[in-house]
Amino acid sequence: MKIRENVNISTLTTMRLGGAARYVIEVETEDDVPEAYTFASERRLPVYVLGCGSNIIGRDKGFNGVIIVNKIMGMGIYSEEEDGRIELYANSGELLDDFVKYSTDLGFSGIEALSAVPGTVGAAPVQNVGAYGQDISQTIISVRAYDVLLEEFVEILKTDMELSYRHSIFNSGKTVGRYFITKVVVGLRRGELKPPFYNSLQRYLDENDIHEYSPDTIRKAVRAVRESKLPDPAEIASSGSFFKNVYLTTDEEIKAAEAKGIPVWDGGKIPAGWLIENAGLKGMVFHGMRVCDKASLVLINESARDYADLDAARKEIIERVREKFGYTLEQEPMELGE
Ligand SMILES: Cc1cc2nc3c(=O)[nH]c(=O)nc-3n(C[C@H](O)[C@H](O)[C@H](O)COP(=O)(O)OP(=O)(O)OC[C@H]3O[C@@H](n4cnc5c(N)ncnc54)[C@H](O)[C@@H]3O)c2cc1C
């Protein structure tokens, strides 16, 4: 267990904003986890859990508490059936992309569309990570987690996680901050996926004359599509999608949107990227934050001096979309600090 003091949140997050955290503890084993919480409680400090910080925005005054950074590594086969099903596990500090590669190298299908999503395995159920037609709710079976309230390790089954679009018990309601996820188990199948695939993925497959859909082929295709339009967090500061898609729930709302020429997908989804692009904001820079010109949903921190700049940029973008289309966009990444 490594303990550091006064570490800037900007160095721990891909948006690269945020003041100092009082303590940062890296945990490398399950046993480190209760120890790190004890360290915090002995000092009466709050705790925040971080993976790669790719869905977290740090605020300027920092965090007078303990950030626990997850480095618990390891993955393998949990159980294997004769009918082609397999359960794989990854400890939560593993990169999700490494876990996907592990599964596709073994020839199993179910999480290949999540290739190249930045971040750790442990964060995947938190916002029900999803991309190119798959999300983790389709394959996750259970997690093992340290329950801060009971002060013991527990198993949580998928049915108890309340997974839906960008939502789970881990990021919503009274259970926020209660669980430190240490292991994730997914159930996969041997064999190929069947087309049609998600629009941009299908386009790539067609354009490249690819008609073999092994998990590894789909993984490579997803990586190529993502590389062509999404910023690499190692080089460009962003949190990926900055706003959530808009979901309409009634027929009246859907008819009203379609009457205005707004695309409604899958029975109720308005892509937030479409709203931003069609509000004329693609490529524009607000207070040092650029609306990515290849993917309008992504905000890039080009030269924002601090969180206040991001806040001002966010307000302008939300206002411009509301003025043009009448929808209020909601932010996807969570925030840390004051
Ligand atoms: C360029 C880019 C592209 C992206 N594309 C996608 C995409 O296609 N689809 C998508 O869904 N997301 C995407 N994201 C967002 C991000 O990759 C995911 O949200 C990812 O799951 C975050 O992982 P992380 O380890 O960085 O989590 P962090 O940002 O460190 O944490 C995210 C949340 O999870 C909690 N958390 C983290 N680890 C644990 C744990 N072990 N136990 C309990 N709680 C935990 C944190 O407290 C926090 O609330 C993208 C981000 C970037 C920068």
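Residues numbered from 1 in each chain as written. Predicted model: local features only at pLDDT ≥ 70, side-chain atom pairs only at ≥ 80, totals over all residues.

Q: Can you walk me through the packing of helix H3 (residues 199-207) against helix H4 (residues 215-229) in this structure?
A: How two helices sit against one another is set out by the angle between their axes and by the gap between those axes. Relative orientation of the contacting elements H3 and H4 amounts to 105°, with a least axis distance of 10 Å. The angle between H3 and H4 falls in the class roughly perpendicular. Along its contact with H3, which presents Ser 200, Leu 201, Tyr 204 and Leu 205, the element H4 presents Ala 221, Val 222, Ala 224 and Val 225. Its residues assigned to classes, the contact of H3 with H4 comprises seven nonpolar, one polar and no charged. (Axes fitted to C-alpha atoms, helices over the stretch in contact; angles between N-to-C directions. Helix = DSSP H or I, 4+ residues; strand = E, 2+ residues; numbered from the N terminus. Parallel < 35°, antiparallel > 145°, perpendicular 65-115°, else oblique. Contact = placed C-beta atoms within 7 Å. Nonpolar A, V, L, I, M, F, W, Y, C, P; charged D, E, K, R; others polar.)

Q: Can you help me understand the packing of helix H2 (residues 96-105) against H4 in this one?
A: The contact between H2 and H4 brings their axes to 8 Å, and the two run at 145°. Note on packing geometry: the crossing formed by H2 with H4 is left-handed. Packed against H2, whose contacting residues are Val 100, Ser 103 and Thr 104, the element H4 presents Pro 215, Asp 216 and Arg 219 at the interface. Looking at side-chain class alone, the contact of H2 with H4 contains two nonpolar, two polar and two charged residues. (Left-handed = near helix turned anticlockwise from the far one by under 90°.)

Q: Just to check I follow, could you spell out the site of the ligand for this structure?
A: Taken together, 36 residues sit near the ligand, with Gly 51, Asn 55, Gly 119, Gly 122 and Gly 240 positioned nearest. Of all elements in the fold, only strand E3 (47-50), strand E9 (130-131), strand E13 (179-190) and strand E14 (238-241) reach the threshold of two or more residues within the shell around the ligand. (Near = placed C-beta within 6 Å.)

Q: Is there a simple way to think about the pairing of strand E7 (residues 85-91) in this case?
A: Side-chain positions along a regular strand alternate between the two faces of the sheet. Sheet topology note: the strand E6 (residues 75-80)/E7 ladder contains five bridges and is antiparallel. Residue pairing for E7: Glu 80 is matched across the bridge by Ile 86. Remark: four residues form the turn of the hairpin made by E6 and E7, two consecutive strands paired antiparallel; Gly 84 in that turn has positive phi of roughly 95°. Across seven bridges, E7 lies against E13 in antiparallel orientation. When the sheet's bridge partners are listed, Asn 91 is paired in E13 with Lys 183. (Pairing = 2+ DSSP bridges.)

Q: Is there a simple way to explain the domain arrangement of the chain in this structure?
A: How big an interface is tends to be reported as the loss of accessible area on association of its parts. With domains assigned, the chain is organised as domain 1 (2-70), domain 2 (75-229) and domain 3 (238-330). Measuring from the centre of the C-alpha atoms in domain 1 to the corresponding centre in domain 3 gives 30 Å. Listed as interface residues are ten residues of domain 1 and, on the opposing side, nine residues of domain 3. Grouping the amino acids of the side of domain 1 that touches domain 3 by side-chain chemistry returns three nonpolar, four polar and three charged. (Domains from an automatic or database assignment.)

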